[in-house]
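# Examining the three-dimensional arrangement
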Amino acid sequence: MATRNAARNGPFRLGMLLRDTRYRNGTIQVITFALLAIGLFWLVDNTVRNLAALGKDFSFEFLWRTAGYDISQRPIDYSSASNHASAALVGLLNTLIVAVMACITATVVGIFAGVLRLSNNWIVGRLMTLYVESFRNVPALLWIIVIAAIMSEAMPAPTDFRGDNARASMFLWNSVAVTNRGIYVPLPGFSSSLGKFDLPFGAISLDLLATIAVLAGSFAMHRLLLDNARRRQSRTGKRPHIWWKSIAVFAIPVLALLCALGFHLQCPELKGLNFTGGLQLRNSLIALWIGLSIYTGAFIAEIVRSGILAVSRGQTEAAHALGLRPGQTMRLVILPQALRIIVPPLISQYLNITKNTSLGLAVGYMDLRSTLGGITINQTGRELEGMLLMMLIYVSISLIISAIMNVYNNRIMLKER
């Protein structure tokens, strides 16, 4: 032992970088990093040389050229005279819109199907099993195409809504029309609008920014109410009723802002051969939204079912012994504990939804893949720059989703001493 310690404390030699356990791990990591850096340098240098041989340079200057193409579904002001950066922004917003919508509906469908699959009713349980096994074993692209075909072929034409003996009618007090060209819904409007704020990529509505600011303030006030209720419960043992305060915190500021802005709804009206006014949700958006929702919902249903089954049965028996009904037991006892198991794999499903929005290209939905990764690249010939930029955007979105869900997961995680 003394000899071994003396050897370790002796003078440093290069051979110790690999033989001595004190330096071996660091040496391997440095060598690996150096090899990766050399490989990356060779790849970049080779790419630059090949581009130079083709008479191309590496530049993102193409983003400021005129796009020259229209986008049907656009959440912000855009025209064919706008630049490619504006087109990419519209595509990004379209991607985020359908991703958020699909994540919400897929979660609702997944929880609903996952809970009902554990039902004691044999028919309900088998129907949910049929849904899960059918939808998750068929590619998402096929469901998207099928729904797009149903919307285009089975829905009535706008002209079917005309006349006293019309073959189709609108829903919800004549405010919503489902046609083969899409779904027309009321569009919020403001008679006393605050205007728009011009940015290099387009204009942003100040009305929307004001609404977001008011909602953020309402959420902050609601958080303060919850913290105060917890402190009073810890101090007195009784939790105060704050539900009416929560409703007031959200309702009063928003209603006051909407009244100040002159909020009203612009309902769609049939004029000529099509509907005018309102907001048109095109078939491509509907197909991509519903297709991703029901496809991913089948996977979320299995995640929910496995999370519920992982909770000890003794928890259910204890809840029933306290007099809780089955619905209360599931909502107040089982699901809160199952969330700790459900959330980590749920993050992967949200990431899959975001990346699968690129399938909208098959039904003509102009998302980031169709704009920046499609038409823009074909027009400018900037394949490398366009693909790198698109990859960077998708990676950034995925990291943001992962960070948000991990924060939520840490909040509901069981705290151990």
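Residues numbered from 1 in each chain as written. Predicted model: local features only at pLDDT ≥ 70, side-chain atom pairs only at ≥ 80, totals over all residues. Heavy atoms only, no water.

Looking now at the overall build of the protein chain. From N to C terminus, the protein chain includes 13 helices and nine strands. Counting across all 417 residues of the protein chain, residues that qualify as buried make up 35%. If you take every contact in the protein chain between residues at least 6 apart in sequence, the share linking residues at least 24 apart comes to 64%. For the protein chain, the exposed area adds up to about 25,300 Å²; of that, 65% sits on carbon and sulfur atoms. Averaging the coordinates of the 38 positive side-chain charges in the protein chain and doing the same for the 20 negative ones gives two points 16 Å apart. (Helix = DSSP H or I, 4+ residues; strand = E, 2+ residues; numbered from the N terminus. Buried < 20%, exposed > 50% of the residue type's maximum accessible area, 1.4 Å probe, protein only. Contact = heavy atoms within 4.5 Å. Areas by Shrake-Rupley, 256 points an atom, 1.4 Å probe, with all protein chains shown as cover. Lys, Arg positive; Asp, Glu negative; His and termini not counted. Charge placed at Lys NZ, Arg CZ, Asp CG, Glu CD.)

Okay, the pattern of salt bridges next. One pass over the structure, following the stated rule, counts twelve salt bridges. In this structure, the salt-bridge partner of Glu302 is Arg117, at a minimum N-O distance of 2.1 Å. Of the two residues, Glu302 sits in helix α9 (residues 283–310) while Arg117 sits in the loop between α4 (84–116) and α5 (122–135), which places them 185 residues apart along the sequence. Glu133 is the partner of Arg136 in a salt bridge, and the nearest nitrogen-oxygen pair spans 3.5 Å. Because the salt bridges share partners, they merge into one network encompassing Arg117, Glu133, Arg136, Glu302 and Arg305. (Salt bridge = Lys/Arg side-chain N within 4 Å of Asp/Glu carboxyl O.)

Here the focus is α9. Taking 1.5 Å per residue, 28 residues should reach 40 Å; α9 reaches 40 Å between its end C-alpha atoms and fits that length. Along α9, the sharpest kink reaches roughly 25°, centred on Gly297. Across the 28 residues that make up α9, a large majority, 21, are buried. (Expected span 1.5 Å × (residues − 1). Bend = angle between axes of the 7 residues up to and from the residue.)

What follows is about the nonpolar core. If you look at the biggest cluster of nonpolar residues, it comprises 61 residues, and the most contacted ones within it are Tyr131, Ile183, Leu368 and Leu372. For this core, the element with the most residues is α9, which contributes 13 residues. Excluding residues within four positions of it along the chain, Leu368 makes contact with Ala88, Gly91, Leu92, Thr95, Gly373, Met390, Ile393 and Tyr394. Counting residues in each nonpolar core, the second largest holds eight residues, with Ala67, Ile71, Ala87 and Met366 among its members. (Core = buried A, V, L, I, M, F, W, Y, C linked by side-chain atoms within 4.5 Å.)

Right, let's get into the packing of aromatic side chains. Per the counting criterion, the structure on display carries eight aromatic pairs. Summarising the aromatic geometry, the rings of Phe135 and Trp143 are spaced 4.2 Å apart at their centres and angled 20° between planes, so their arrangement reads as stacked. Given a relative accessible area of 19%, Phe135 falls into the buried group. Note on Phe219 and Phe250: the rings are 5.1 Å apart at their centroids and 80° apart in plane angle, and the pair reads as edge-to-face. Of this pair, Phe219 sits in helix α7 (residues 206–236) while Phe250 sits in helix α8 (residues 243–260), placing them 31 residues apart in sequence. (Phe/Tyr/Trp six-rings, centres within 6.5 Å; stacked < 30°, edge-to-face > 60°.)

What holds strands together in a sheet is hydrogen bonding between their backbones, with the strands either parallel or antiparallel. The three strands are arranged β1-β2-β9 in an open sheet whose pairing can be described as antiparallel. Every interior strand has two partners, whereas the edge strands, β1 (177–179) and β9 (279–281), have only one. Averaged over all pairs of adjacent strands, the angle between strand axes in this sheet comes to 20°, irrespective of strand direction. In the packing of α9 onto the sheet, contacts are made with β1, β2 (182–185) and β9, and the angle to β9 comes to roughly 55°. (Pairing = 2+ DSSP bridges. Axes fitted to C-alpha atoms, helices over the stretch in contact; angles between N-to-C directions.)

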